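If you want the building blocks of each chain, they are given just below.
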Amino acid sequence: MSGVKLLTVSTDEGEQRLDRWFKRRFPHVTQGAVEKMCRTGQVRVDGKRVKASDRVEPGMVIRVPPLPENEAPSRPLTDGVSKADAKMIQNAVIFKDEHIIVLNKPAGLPSQGGSGQGDRHVDGLTEALKFGYKDRPKLVHRLDKDTSGVLVLARTDRVARALSEAFRHRNTRKIYWAVVAGVPHPRQGSIKYALMKAPGHGRGGEGEKMVCIHPAKAGDFPDAKRAQTDYFTLWFLGTRLSWMALEPITGRTHQLRAHMAELGHPILGDGKYGGSASENLGDGWGAGGGGDLSRKLHLHARRLTVEHPITKKEITFTAPLPEHMQRTWKLLDWKEGDVPEDPFEKIR
């Protein structure tokens with residue numbers, strides 16, 4: 001038996017449930033064993049007792065009790081990548097050099113494994129993205145499962161540390177494209193509602209949502225975290241739908257989705273925050289567009305600007321729209337070239 005270990009949640013592991021973190025680090029440990037170790041206080045996070053369903057974040061220190069020596073912690077297991085998945089994830093590459101790989105992540109593919117995410121995710125497919133390197137590339141940030149677009153991976157530990165710092169300290173610029181219900185008034189502005197997690201209704205908290213808190217009341221909620229989203233209306237269709245550019249100044253979970261819903265203009269296809277097509281949320285029309293419009297989430301990480309970790313040159317990556325959003329653009333006769341790629345440039 002090995003002794004007690006104090007392990008730090010790494011940046012590339014991101015935020016996830018404790019039992020999922022355990023399963024990825026110690027694949028041989030059963031769910032029941034994790035729950036028992038938590039229940040008896042053998043597993044602790046930052047010195048505190050926890051439940052298996054509690055979430056952990058990068059930087060947290062997890063106390064792991066003695067485990068069999070021949071079953072030491074490891075990276076998540078990769079059981080092999082099918083030829084179809086390998087082709088899919090390799091086709092998603094929009095840039096690579098000896099330091100980084102940039103993907104246009106498909107909608108519906110999680111960045112990492114976690115609660116309700118299943119076994120198929122970007123992190124589990126990185127074996128197909130080694131391209132001759134010994135080690136798999138590492139995630140340095142994430143996108144929600146149903147959000148498509150620019151996702152950066154680091155090919156070495158050194159680059160991963162540098163990029164993780166850049167994302168942590170907001171030394172990056174991200175612009176998302178979205179279709180929302182209704183037309184925001186004013187047409188451009190900034191949403192500064194704080195965000196905090198509401199308890200979920202599903203088993204283990206799978207139904208968790210983010211709740212918006214008015215800035216004036218944020219001090220009354222210790223768990224509320226400051227959040228800011230800048231928005232710009234690029235085009236609109238009558239009073240029904242708008243093509244938006246969204247820039248998250250902070251990077252909270254579900255920030256863009258929660259903020260736009262709070263504004264009364266939920267993102268098209270957002271069943272979690274948007275309600276149904278028959279609901280008039282504020283000045284919006286609900287997240288269901290109806291007709292021939294896809295019911296998939298219309299949120300795409302269109303553009304990312306970051307300093308290259310080695311050359312130190314500022315580089316910008318742009319990801320083409322996913323197929324379901326391309327169909328919407330065609331149906332609404334919207335042209336990508338008719339709008340500025342960075343509508344926030346002049347106000348920066």
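Quantities reported herein were computed from a predicted structural model and do not represent experimental measurements. (Residues numbered from 1 in each chain as written. Predicted model: local features only at pLDDT ≥ 70, side-chain atom pairs only at ≥ 80, totals over all residues. Heavy atoms only, no water.)

A separate point is the UniProt feature "active site" (unreviewed entry) in the protein. Residues annotated by UniProt as "active site" (unreviewed entry) correspond here to Asp144. With respect to the helices and strands, the residue Asp144 is situated in the loop between β9 (138-139) and β10 (148-154). (UniProt positions renumbered as here; feature names shortened; annotations may be inferred. Helix = DSSP H or I, 4+ residues; strand = E, 2+ residues; numbered from the N terminus.)

Mapped onto the secondary structure, Arg17 falls in strand β2 (residues 16-17). Of the residues examined, Arg17 reaches a relative accessible area of 11% and is grouped as buried. At 2.6 Å, the side chain of Arg17 forms a polar contact with the side chain of Asp19. (Buried < 20%, exposed > 50% of the residue type's maximum accessible area, 1.4 Å probe, protein only. Polar contact = N/O pair within 3.5 Å; in protein donor to acceptor, adjacent residues only side chain to side chain.)

Attention now goes to helix α2 (residues 31-39). Within α2, burial applies to Val34, Met37 and Cys38. Relative to the axis of α2, the buried residues are bounded by an arc of 100 degrees and lie together on one face. For α2, the secondary structure elements touched by its buried residues are α1 (18-25) and β4 (48-49). Just downstream of α2 lies Gly41, where phi reads positive at about 80 degrees. (Arc of directions from axis to C-beta. Contact = heavy atoms within 4.5 Å.)

Below, the discussion takes up the side chain of His254. When you line up the elements, His254 lands in the loop between β16 (241-248) and α6 (255-262). Setting aside its immediate chain neighbours within four residues, His254 contacts Asp144, Met210, Lys272 and Tyr273.

The strands that make up a sheet are held in pairs by hydrogen bonds between backbone atoms, and each pair lies either parallel or antiparallel. Reading across the sheet, the four strands line up as β1-β6-β3-β4 and stay open at both edges, with antiparallel pairing between neighbours. The open sheet has two edge strands, β1 (5-8) and β4, and neither has a second partner. Relative to strand β6 (residues 61-64), strand β3 (residues 44-45) is paired through two bridges, and the arrangement is antiparallel. In the strand pairing of β6, Arg44 is matched with Arg63. Where α1 meets the sheet, it contacts β1, β3 and β6, and its direction lies at approximately 65 degrees from that of β6. (Pairing = 2+ DSSP bridges. Axes fitted to C-alpha atoms, helices over the stretch in contact; angles between N-to-C directions.)

With that settled, the discussion passes to a nonpolar patch on the surface. On the surface, a nonpolar cluster with roughly 250 Å² of combined accessible area is contributed by Val4, Leu6 and Val61. Of note, Val61 is situated in strand β6. Classification of Val61 as partly exposed rests on a relative accessible area of 32%. (Patch = residues over 30% accessible without salt bridge, like charges linked within 9 Å, V, L, I, M, F, W, Y side chains within 5 Å. Areas by Shrake-Rupley, 256 points an atom, 1.4 Å probe, with all protein chains shown as cover. Salt bridge = Lys/Arg side-chain N within 4 Å of Asp/Glu carboxyl O.)

Across the two faces of β6 the burial differs, with Ile62 and Val64 buried and Val61 and Arg63 not buried at all. With four bridges connecting them, β1 and β6 associate as antiparallel partners. Each bridged residue has a counterpart across the sheet, and for Leu6 the counterpart in β6 is Arg63.

Once that is clear, we can look at the nonpolar core. For soluble globular proteins, the rule of thumb is that nonpolar side chains tend to be buried together. Core analysis: the biggest nonpolar cluster contains 28 residues, and Leu103, Leu246 and Leu299 have the highest contact counts within it. When residues of this core are traced back to their parent elements, those giving at least two are α3 (83-91), β8 (100-105), α4 (122-125), β10, β11 (172-181), β16, α6 and β17 (299-307). Tallying contributions element by element places β11 first for this core, with three residues. Contacts of Leu103, omitting those with residues within four sequence positions, involve Ile89, Ala92, Val93, Ile94, Val122, Leu129, Gly149, Val150, Leu151 and Leu153. (Core = buried A, V, L, I, M, F, W, Y, C linked by side-chain atoms within 4.5 Å.)

Further remarks concern the confidence of the model for the protein. For the protein, per-residue confidence averages 86 on the pLDDT scale, and 86% of positions sit at 70 or higher. Here α1 is the element of the protein with the lowest mean pLDDT, 84, and β8 is the one with the highest, 98. Confidence drops under pLDDT 50 across residues 69-79; counting only partners more than four residues distant or on other chains, this segment forms 23 contacts. Low pLDDT, under 50, characterises residues 280-285; the predicted model gives this stretch 21 contacts beyond four residues in sequence or across chains. (pLDDT = per-residue confidence, 0-100.)

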